[in-house]
Structures are given as C-alpha cells and as structure tokens.
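For reference, the chains in residue letters:
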Amino acid sequence: RQARANSVPVDNINRAIKRASEASAGDFSESTFEAYGFGGASMVINVLSDNPNRANADVKSTVNKRHAKIAESGSVLFMYDRKGKVEVKVPEIDEEVLLDKAIE
C-alpha cells in the first residue's frame, strides 16, 4: 500500500515481492573491512549483507566521507582477537543502553 501511495511502479513492486519470496532470499554473506580513522585509530568493520557489492560500496563511501582510509587486508585485524559475539533483538533494547552495556 505504501509503495502505491508513493507512486512506485507496479513492475518494481512485483519484482521486489518476487525477489523476497525466492529461496535465495536468505543468502547473506559476511564481509570484514579494515580501516584507519582520525589520529590513526584502527577499525574493524563487519558487515552482513544480501548484496556484497552494495555493502562494499557503502562501507568505502562512508569511510571516505569521514576522512578515514581503507587499510590493506590484515594490516589492522592482527591487532584484535575475536572474544565473542553479541546478538541483540532490535526492539528489546534502546541503542544508548546497548552502547553503555558494551562499553562496560
């Protein structure tokens, strides 16, 4: 309904529905990016996406807009050890509370 109210063409709506209902709809891939930010701060950026090309472009664009630099593979990651994984259901917790808990 919202798409029609916003004058989205019917063909686009049908393509989106078809894409979402296909078996490959759950085909997500994880990518890891390494970057250096302001003052040489190192960053490891993990991305889960159904479209790796778009995720790659979005991460690189965001990093460049913030005047950071994408690093070579392995140049940042060697400084970090993966200690665990935290998964949070979005409606359950406020973003500020989550950030406070992660910092603790």
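Structure: see above.
Report on the accompanying structure. Being a predicted model, the structure only gives us computed values, none of them experimental. (Residues numbered from 1 in each chain as written. Predicted model: local features only at pLDDT ≥ 70, side-chain atom pairs only at ≥ 80, totals over all residues. Heavy atoms only, no water.)

1. Some remarks on the overall build of the protein
Thinking step 1. When helices and strands are counted, the protein shows 4 helices and 3 strands.
Thinking step 2. By residue count, 12% of the 104 residues in the protein fall in the buried class.
Thinking step 3. Considering only contacts in the protein between residues 6 or more positions apart, those separated by 24 or more positions represent 42%.
Thinking step 4. When the accessible surface of the protein is summed, it comes to about 9100 Å², and 52% of that surface belongs to carbon and sulfur atoms. (Helix = DSSP H or I, 4+ residues; strand = E, 2+ residues; numbered from the N terminus. Buried < 20%, exposed > 50% of the residue type's maximum accessible area, 1.4 Å probe, protein only. Contact = heavy atoms within 4.5 Å. Areas by Shrake-Rupley, 256 points an atom, 1.4 Å probe, with all protein chains shown as cover.)

2. A closer look at unusual backbone geometry
Thinking step 1. With a phi angle near 60 degrees, His67 is a residue other than glycine that sits in the positive phi range.
Thinking step 2. On the basis of relative accessibility, which here comes to 71%, the residue His67 falls in the exposed class.

3. Let's talk about the pattern of salt bridges
Thinking step 1. Applying the stated criterion to the full structure yields 1 salt bridge.
Thinking step 2. Among the salt bridges present, the one from Asp50 reaches Arg54, with a minimum N-O distance of 3.2 Å. (Salt bridge = Lys/Arg side-chain N within 4 Å of Asp/Glu carboxyl O.)

4. Let's talk about the sheet that holds strand E2 (residues 42-49)
The strands making up a sheet associate through hydrogen bonds between their backbones, and the pairing can be parallel or antiparallel.
Thinking step 1. Reading across the sheet, the 3 strands line up as E2-E1-E3 and stay open at both edges, with antiparallel pairing between neighbours. Looking along the sheet, the strands with just one partner apiece sit at the ends: E2 and strand E3 (69-70).
Thinking step 2. Relative to E2, helix H3 (residues 52-65) is tilted by about 150 degrees, and along the sheet it contacts strand E1 (29-36), E2 and E3. (Pairing = 2+ DSSP bridges. Axes fitted to C-alpha atoms, helices over the stretch in contact; angles between N-to-C directions.)

5. Focus: a nonpolar patch on the surface
Thinking step 1. A contiguous nonpolar patch, built from Val44, Leu77, Phe78, Met79 and Tyr80 and spanning about 480 Å² of accessible area, is present on the exposed surface.
Thinking step 2. Along the chain, Tyr80 turns up in the loop between E3 and helix H4 (95-103). (Patch = residues over 30% accessible without salt bridge, like charges linked within 9 Å, V, L, I, M, F, W, Y side chains within 5 Å.)

6. Quick notes on the nonpolar core
Thinking step 1. Formed by Phe33, Ala35, Val47, Ala55, Val59, Val63 and Ala68, the largest nonpolar core amounts to 7 residues.
Thinking step 2. The set of elements that each furnish at least two residues to this core consists of E1 and H3.
Thinking step 3. By residue number, the principal contributor to this core is H3, which donates 3 residues.
Thinking step 4. Here Val59 is in contact with Phe33, Ile45 and Val47, once residues within four sequence places are set aside. (Core = buried A, V, L, I, M, F, W, Y, C linked by side-chain atoms within 4.5 Å.)

7. Describing the side chain of Ser49
Thinking step 1. Mapping Ser49 onto the fold places it in strand E2.
Thinking step 2. At a separation of 2.9 Å, a polar atom in the side chain of Ser49 contacts the main-chain amide nitrogen of Asn51.
Thinking step 3. Excluding residues within four positions of it along the chain, Ser49 makes contact with Asp27, Phe28, Ser29, Arg54 and Ala55. (Polar contact = N/O pair within 3.5 Å; in protein donor to acceptor, adjacent residues only side chain to side chain.)

8. Topic: the pairing of E2
Thinking step 1. As paired elements, E1 and E2 share 8 bridges and run antiparallel to each other. Its bridge partner being in E2, Phe33 is matched across the sheet by Ile45.
Thinking step 2. Counting the residues in the hairpin turn of E1 and E2 gives 5 residues, including Gly39, whose phi is positive at 70 degrees.

9. Here's the deal with the pairing of E1
Side-chain direction in a regular strand flips from residue to residue, so the side chains alternate between the two faces of the sheet.
Thinking step 1. Pairing of E1 with E3, which is carried by 2 bridges, proceeds in the antiparallel orientation. Its bridge partner being in E3, Ala35 is matched across the sheet by Ile70.

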